[in-house]
Each structure stands twice: as C-alpha cells, then as structure tokens.
Amino acid sequence: MPRFEGKTALITGAASGIGAACARHLCTRGLSRLILIDKDEQALAAFSADCETVRHHGDVANPALWTKVTAGLDRLDCAILNAGRADSAPIVDLDLANWRQVLSTNLDGMFLSLQCAMRAMQDAGGSIVLTASVSGIKAEPGTAAYGASKAGVIQLAKVAAKEGASKGIRVNAMAPGGVDTPIWDQVAMFGDFVEQHGSREAAIAAMGELATPLGRFARSDEIAGQIAFLLSDAAATITGTVLVSDGGYSL
Ligand code: NAD
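Residues numbered from 1 in each chain as written. Predicted model: local features only at pLDDT ≥ 70, side-chain atom pairs only at ≥ 80, totals over all residues.

The next point concerns the overall build of the protein. Broken down by element type, the protein carries eight helices and seven strands. Computed over its C-alpha atoms, the radius of gyration of the protein comes to 17 Å, within 12% of the 18 Å expected for a compact globule of 251 residues. Based on the C-alpha atoms only, the size of the protein along its principal axes is roughly 50 × 40 × 35 Å. When the 251 residues of the protein are sorted by exposure, 44% land in the buried category. Relative to all contacts within the protein whose residues are 6 or more apart in sequence, the contacts with residues 24 or more apart total 71%. (Helix = DSSP H or I, 4+ residues; strand = E, 2+ residues; numbered from the N terminus. Rg over C-alpha atoms; globule rule 2.2 N^0.38 Å. Buried ≥ 20, exposed ≤ 12 C-beta atoms within 10 Å, placed from the backbone. Contact = placed C-beta atoms within 7 Å.)

Sheet faces and side chains relate simply in a regular strand, where the side chains alternate between the two faces. Counted residue by residue, strand β2 (residues 33–38) has five buried out of six residues, so it is predominantly covered. As paired elements, strand β1 (residues 8–12) and β2 share five bridges and run parallel to each other. Paired with threonine 12 across the strands is isoleucine 37, a residue of β2. Where β2 meets strand β3 (residues 52–57), six bridges bridge the pair, whose relative direction is parallel. Bridging across to β3, isoleucine 35 finds its partner in valine 54. The parallel pair β2 and β3 is bridged by helix α2 (residues 41–46), and the resulting crossover is right-handed. (Pairing = 2+ DSSP bridges. Right-handed = clockwise from strand over helix to strand, strands pointing away.)

With 65 residues, the main nonpolar core has Ile11, Ala117, Leu130 and Ile227 as its most contacted residues. At seven residues, helix α1 (residues 17–28) tops the list of elements feeding residues into this core. Looking at this core, you find at least three residues from each of domain 1 (8–179 + 220–244) and domain 2 (181–217). Each residue touching alanine 117, except ones within four places of it in the same chain, is listed here: Leu10, Leu76, Ala79, Leu81 and Ile128. Counting six residues, the second-largest nonpolar core is a separate cluster that includes Ala86, Val102, Ala144 and Ala145. (Core = buried A, V, L, I, M, F, W, Y, C linked by C-beta atoms within 7 Å. Domains from an automatic or database assignment.)

Looking now at the UniProt feature "domain: Ketoreductase" (unreviewed entry) in the protein. The UniProt record annotates "domain: Ketoreductase" (unreviewed entry) at residues 7–187. Within the segment residues 7–187, helix and strand shares are 40% and 19% respectively, and the terminal C-alpha atoms sit 36 Å apart. (UniProt positions renumbered as here; feature names shortened; annotations may be inferred.)

For the rest of this paragraph, the subject is the sheet that holds β3. Strand order in this open sheet of seven strands is β3-β2-β1-β4-β5-β6-β7, and the pairing throughout is parallel. Since the sheet does not close on itself, it has two edges, and those belong to β3 and β7 (242–245), each with one partner. Strand-to-strand twist across the sheet, computed as the mean angle between neighbouring axes with direction ignored, equals 15°. Note that strand β6 (residues 169–176) and β7 share four bridges and pair parallel. (Axes fitted to C-alpha atoms, helices over the stretch in contact; angles between N-to-C directions.)

For the protein, the assigned domains read domain 1 (8–179 + 220–244) and domain 2 (181–217). Taking only C-alpha atoms into account, the centre of domain 1 sits 24 Å from that of domain 2. Facing the 12 residues of domain 1 at the interface are 12 residues of domain 2.

With that settled, consider the site of the ligand. Neighbouring the ligand are 27 residues; Gly13, Gly17, Gly84, Thr181 and Ile183 lie closest to it. Sorting the residues of the shell around the ligand by element identifies α1 and α4 (96–120) as the ones contributing at least two each. For the shell around the ligand, the element with the most residues is α1, which contributes three residues. Taken together, the residues that form the shell around the ligand break down as 10 nonpolar, 12 polar and five charged. Residue-level mapping places the shell around the ligand at the junction of two domains, with at least three residues from each of domain 1 (8–179 + 220–244) and domain 2 (181–217). (Near = placed C-beta within 6 Å. Nonpolar A, V, L, I, M, F, W, Y, C, P; charged D, E, K, R; others polar.)

As a packed pair, α1 and helix α8 (residues 220–231) sit with axes 8 Å apart at the nearest point and diverge in direction by 60°. Relative to α8, the element α1 is oriented oblique. As for the relative orientation of α1 and α8, their crossing is right-handed in sense. Packed against α1, whose contacting residues are Gly17, Ile18, Ala21, Cys22, His25 and Leu26, the element α8 presents Ser220, Asp221, Ile223, Ala224, Gly225, Ile227 and Ala228 at the interface. By residue class, the composition of the contact of α1 with α8 is eight nonpolar, four polar and one charged. (Parallel < 35°, antiparallel > 145°, perpendicular 65-115°, else oblique. Left-handed = near helix turned anticlockwise from the far one by under 90°.)

Our next topic: helix α5 (residues 144–164). With 21 residues, α5 extends 30 Å between its outermost C-alpha atoms, agreeing within 8% with the 30 Å of an ideal straight helix rising 1.5 Å per residue. Where α5 is concerned, the buried positions are Ala144, Ala145, Tyr146, Gly147, Ser149, Lys150, Val153, Ala157, Ala160 and Gly164. Looking at the buried residues of α5, the elements they touch are α4, β5 (126–131) and β6. (Expected span 1.5 Å × (residues − 1).)

Here is the structure:
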C-alpha cells in the first residue's frame, strides 16, 4: 500500500464522490496536509478528514480562485484534478449554454488547476492525476459535451506529462467507467432508469450489470485506491498514461 507521510495533496471536486474518497484514502495513508477545493460550499465545510485541511470554495474555471489557492501554496507533492460535471443531451438538442458549461468546468477548470499544480511543482517535482472518463475514449449517444471535454482532458494529461517530465512532474489520467456517485443525477437517462427500477441503488446495479463484463459499477473508494497508486512512488516510471477502470465496458 503506498504511503504519503509528510506530503501535501490538492484535490478539486473534493466535497463529493471520487474526490472525497481520494481525500479520505490519502489521509488514512499518512498524508500530512490536504488542500480541498469545491464549488459546493456547504458540502466542503461539512467534509471531515483525518489530517490538516485547507478549504477553498469556488468554481475551478474562475481564475480568481487559483490566484487565492496559489498565494497559500508553499509546497505541493500531489494533485488530483477531479472536479467535473455531466450532461446527456443529444447533439440536436444540446444548446450552446450547456455545451459551454460542461467545457468550462471540465476543460477551462482542468487547465487552470493543472497550471497551478505544475507551477507549484517546478522546483521539487510531484505527481498529478486528472480525472477523465471512459466517455473520452468510447462514444455513446448523449455524451457530446461530456465526451469531448474528457477526450480533451486525456490529451491535456499527455501534453503535461511531456512538458513536466524534465522537472520530475508525472501526469496521468484516470478514466473511470460507471462509478456510483451523485454525478449520475445530472444524466437524464439515469432518471428514467431509477423510475424503471424503483430505486437509485437498483438502477446503478442494473446499469453495471448491463454495461460491464465485470457486472458492476466501481465504488469511489476503489477509484481512489487506483488514483493513489498513480500518485505514489510505486508508479515512478508511469507518466502520460490513461488508466481505464471500467469493468471492461470499453472493450
Ligand atoms: P460528484 O458529483 O460526486 O463530485 C463532483 C464534485 O465536483 C462535486 O463536489 C461538485 O460540487 C464539484 N464540482 C463540480 N463542478 C465544479 C466546479 N466548476 N468547480 C468546483 N467544483 C466543482 O461526481 P464524481 O463522480 O465524484 O465526479 C468526479 C470526477 O469523476 C468528474 O470529473 C467526473 O466527470 C469523473 N467521472 C465520474 C464517473 C462516474 O460514473 N461517477 C465516471 C467517469 C468519470
């Protein structure tokens, strides 16, 4: 099991789902300091972790947030750039405002957070994981904005890996398939599934069974463990890779 004693990690989208699971996971493995970022002020304040924590409430796509974060950043070893939003409109119905909203969070926000993390790691190096999605690799109806943004995240990780290598900065992308988190409530088709199957839990189970050879969605804590591996010294020679964790969905 990788350990993170003495290290500082920054996590975006930290108040829920995969980001919150990563925060908990790193704390139980000795991490010293967490910098947590989320736009959901209440959930961010309510989140409790077992190590020193600094919280910044704001939109990752707002440059002013990153000025504030950078000002308080004296050391950064790890970054999990994970804030994201979904949309499920088909192209013929997708309006420009929704398209821009998805790209703003998933790409503008990812670019600004990546820039902040890489600048903070220029002298001592570090390790970064960008949360992409299998939707950035495999096309499905209704994923135009989300899938295009996540394909962009994958390419951003690869370029950053090349640019950061000589400074000792490793950058990888994590591409989950289905994970049981609240993000599914932003997907219209999921609402139909919940109605059809009688509960959220049954809908998640049915989608996992239908869509994946392994027969189930991942849990946030499983994805967190895989991200921790990519961040850790156990992955010291891995950079610019895309770790697909989708139960075989994209095969
Ligand atoms: P989630 O909704 O539980 O968590 C996302 C968090 O990001 C929330 O706390 C939200 O407030 C925050 N956030 C959203 N937009 C933000 C913004 N503009 N600024 C700051 N914070 C913002 O969802 P999750 O499933 O944990 O999602 C985490 C990442 O994993 C996302 O990038 C998502 O696209 C990706 N992902 C999720 C799945 C899945 O099935 N859950 C699959 C593949 C990829």
